Amino acid sequence: MVKLDISSSLFREIFKVDSSGIPTFRSFLSGRWVDGEIFHDVRSPIDLSVIARISIPRFDDVEEAIDVLNRYGRWDIRNMPGYKRISILHKVADLLESNMDDFVNALVINAGKTVNAAKGEVKASIDRLRRVDLDLKRVHGDYIPGDWSDETTETEAIVRREPVGVVLAITPFNYPLFDTANKLAYSAIAGNAFMVKPSSLDPIPVVMFIRLLELAGFPKRSLALITVRGSDMDKIVSDKRIGAISLTGSTDTGLKVLRTAGIKQFVMELGGGDPAIVLADAELEWSAQRIARGIYSYSGQRCDAIKLVLVEEPIYDKMKPLLVEELRKVKIGDPRDPSTDMGPLIESSAVDEMMKAIEDTISKGGKILFGGRRLGATYVEPTLIEAPRDRLDEMLAYRREIFAPIALITSFKSIEEAAEISNRRPYGLDASIFGKDINKIRYLIRHLEVGAIYINDFPRHGIGYYPFGGRKDSGIGREGIGYAIEYTTAYKTIVYNYKGKGIWEYL
């Protein structure tokens, strides 16, 4: 039976342990840690055992917290000089680094990440917080002289960016720590109060992170952690006191939030599942290695995971066995074992959905080249299925994002066809192109309807050093250092009138 172990005394305030040894974690509302009246079991995807419970706050307590954020918290952080905000976020990074083992353990046990993947997420979170200074390039405003129009002669204006007030972050299960740190960085550096709703599947790393914010001196009235169920969020997202919503999640969730929230600012990274296009002059062994990583990394539970492999016809029969061989090397098992390459899916229903997609593909002419088997309640093989080109549109795995390590592979005759097949999917997050012919690559760059294209590598957003975000059903806006601030700030124009004051003497 899997057990969650948190060794640092820094976290004693955020949970209490019951007689069975299971910790119950609190919410952080109105500047204090709060116990709710009902509790939600948190299970480890490793063996589905209960590793913790999360206290679900009463709605009255959440309502009070939003009131505190709006009335006091947004001013507490806005009135804090920018250099002090940076200092606090850097201190959080230091605390995260000194408590890395606890966070790695929480990500492995609660999210089912391999040890290396968990370490990578913690390091990325530290790096993101330490690079928050780079966000400042988008906080600065503009100066506009008035003498370019008869109407505005002898006036001038400044255009400044101001925080929207309260930002609600809704984070997913696949990067619980990093997505929280990232959304906090671009919200707080601009001077916003911050409220986060983590996934109910793996909230523990987020709760621990909020504790570090508290210890680092983040204004208490400017911070809230609401551990409510997603199904109970309608009343919160529609609250007019929330100025912006930053959501990472499924397209269905994003559409529901958009319909419910009302007039606000949004930045949303939604469904994905990316195509990889392999040209005839690509380095095949390298391409196979990188595409395989894009399929099985974190068990395919990434918005930027590769779900469709398109290979130019002259090399198609050479590429298939190379990709199969790379997937064959993947060691599947307990993520606590450092040698494991791929751990479990987050819950058994995700495996059910993958199996359904495999059956659907086979029924429509697909042929399994590798994988396809369920290995346990939450464990699967990475799966590659050859799909007939003329039946792709019928296939569930083509039409929808299957959040699991499954990819379709088929050939294409021309780059025009490759772009058309990619663009027919409803998503437009990223794409990969493997090859050397700059003219073909340039054509694809122009025609692919996606937010980012990776040349000779698999898609990966990292710390957001390069902006990322989707088109079509894949989202609204862009995240990334210096870019997401556009969605957590508002423009304000101030016009100064000096007419008749003799300041300017125009000819």
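The preceding data block contains the structure.
What you see is a predicted model; the values in this text were computed from it and never measured.

**Regarding the layout of surface pockets**
Argument step 1. In this model, the largest pocket occupies a volume close to 1100 Å³.
Argument step 2. Around the largest pocket sit 41 residues that line it, and F173, L201, G249, S250 and T253 are the ones nearest its centre.
Argument step 3. Counting only elements with at least two residues in the lining of the largest pocket, the list comes to α7 (234-237), β12 (244-248), α8 (251-261) and α11 (348-363).
Argument step 4. The leading source of residues in the lining of the largest pocket is α8, at six residues.
Argument step 5. In this structure, the second largest pocket encloses a volume near 790 Å³.
Argument step 6. At the level of secondary structure, the elements contributing two or more residues to the lining of the second largest pocket comprise α4 (115-130), α5 (176-188) and α9 (284-296).
Argument step 7. Here the lining of the second largest pocket gets five residues from one element, more than from any other, and that element is α4.
Argument step 8. Partitioning the lining of the second largest pocket into residue classes produces 12 nonpolar, 12 polar and nine charged.

**Describing the packing of α4 against α5**
Argument step 1. The N-to-C vectors of α4 and α5 enclose an angle of 5 degrees; their axes lie 8 Å apart at closest approach. With respect to α5, the element α4 is oriented roughly parallel. Taking contact as the criterion, the partners of E121, V122, A124, S125, R128 and L129 in α4 are, on α5, P176, L177, F178, A181, N182, L184, A185 and Y186.
Argument step 2. Residue composition of the contact of α4 with α5, grouped by class: 10 nonpolar, two polar and two charged.

**Re the packing of aromatic side chains**
The description of an aromatic ring pair rests on the distance of the ring centres and on the angle between the ring planes.
Argument step 1. Going through the model one piece at a time under the given rule, you end up with eight aromatic pairs.
Argument step 2. Between the aromatic rings of Y496 and Y498, the centroid separation amounts to 6.3 Å while the plane-to-plane angle is 15 degrees, which identifies the pairing as stacked.
Argument step 3. Considering the side-chain rings of Y498 and W504, the 5.6 Å spacing of their centres and the 65 degrees angle between planes classify their relative orientation as edge-to-face.
Argument step 4. Using a relative accessible area of 22% as the deciding quantity, one classes Y498 as partly exposed.
Argument step 5. The class for W504 is partly exposed, based on a relative accessible area of 26%.
Argument step 6. Each member of the aromatic cluster is reached from another via a ring pair, and the members are Y496, Y498 and W504.
Argument step 7. For K113, the ring lying beneath its charged end belongs to Y175, and the centroid distance is 3.8 Å.
Argument step 8. Sitting above the plane of the Y483 ring, R138 keeps its charged end 4.2 Å from the centroid.

**Brief notes about a nonpolar patch on the surface**
Argument step 1. Together, L134, Y465 and Y466 make up an exposed nonpolar region whose accessible area comes to about 380 Å².
Argument step 2. Mapped onto the elements of the fold, L134 is located in the loop between α4 and β7 (142-145).
Argument step 3. Given a relative accessible area of 39%, L134 falls into the partly exposed group.

**Details of the pairing of strand β21 (residues 452-455)**
Argument step 1. Of the two faces of β21, only the one carrying A452 and Y454 is buried; I453 and I455 on the other face are not.
Argument step 2. Looking at chain direction, strand β20 (residues 430-434) and β21 are connected through four bridges and run parallel. Note that in β21 the partner of I433 across the bridge is I455.
Argument step 3. Tracing the backbone out of β20, into helix α14 (residues 438-447) and back to the parallel element β21 gives a crossover that is right-handed.

Criteria and cut-off values
Residues numbered from 1 in each chain as written. Predicted model: local features only at pLDDT ≥ 70, side-chain atom pairs only at ≥ 80, totals over all residues. Heavy atoms only, no water. 1 Å grid on protein atoms, 1.4 Å probe; cavity = no way out; pocket = protein on both sides within 12 Å on 5 of 7 lines; lining within 4 Å. Points joined across faces, edges and corners; volume = space filled by probe spheres on them. Helix = DSSP H or I, 4+ residues; strand = E, 2+ residues; numbered from the N terminus. Nonpolar A, V, L, I, M, F, W, Y, C, P; charged D, E, K, R; others polar. Axes fitted to C-alpha atoms, helices over the stretch in contact; angles between N-to-C directions. Parallel < 35°, antiparallel > 145°, perpendicular 65-115°, else oblique. Contact = heavy atoms within 4.5 Å. Phe/Tyr/Trp six-rings, centres within 6.5 Å; stacked < 30°, edge-to-face > 60°. Buried < 20%, exposed > 50% of the residue type's maximum accessible area, 1.4 Å probe, protein only. Lys NZ or Arg CZ within 6 Å of the ring centre and 35° of its normal. Patch = residues over 30% accessible without salt bridge, like charges linked within 9 Å, V, L, I, M, F, W, Y side chains within 5 Å. Areas by Shrake-Rupley, 256 points an atom, 1.4 Å probe, with all protein chains shown as cover. Salt bridge = Lys/Arg side-chain N within 4 Å of Asp/Glu carboxyl O. Pairing = 2+ DSSP bridges. Right-handed = clockwise from strand over helix to strand, strands pointing away.

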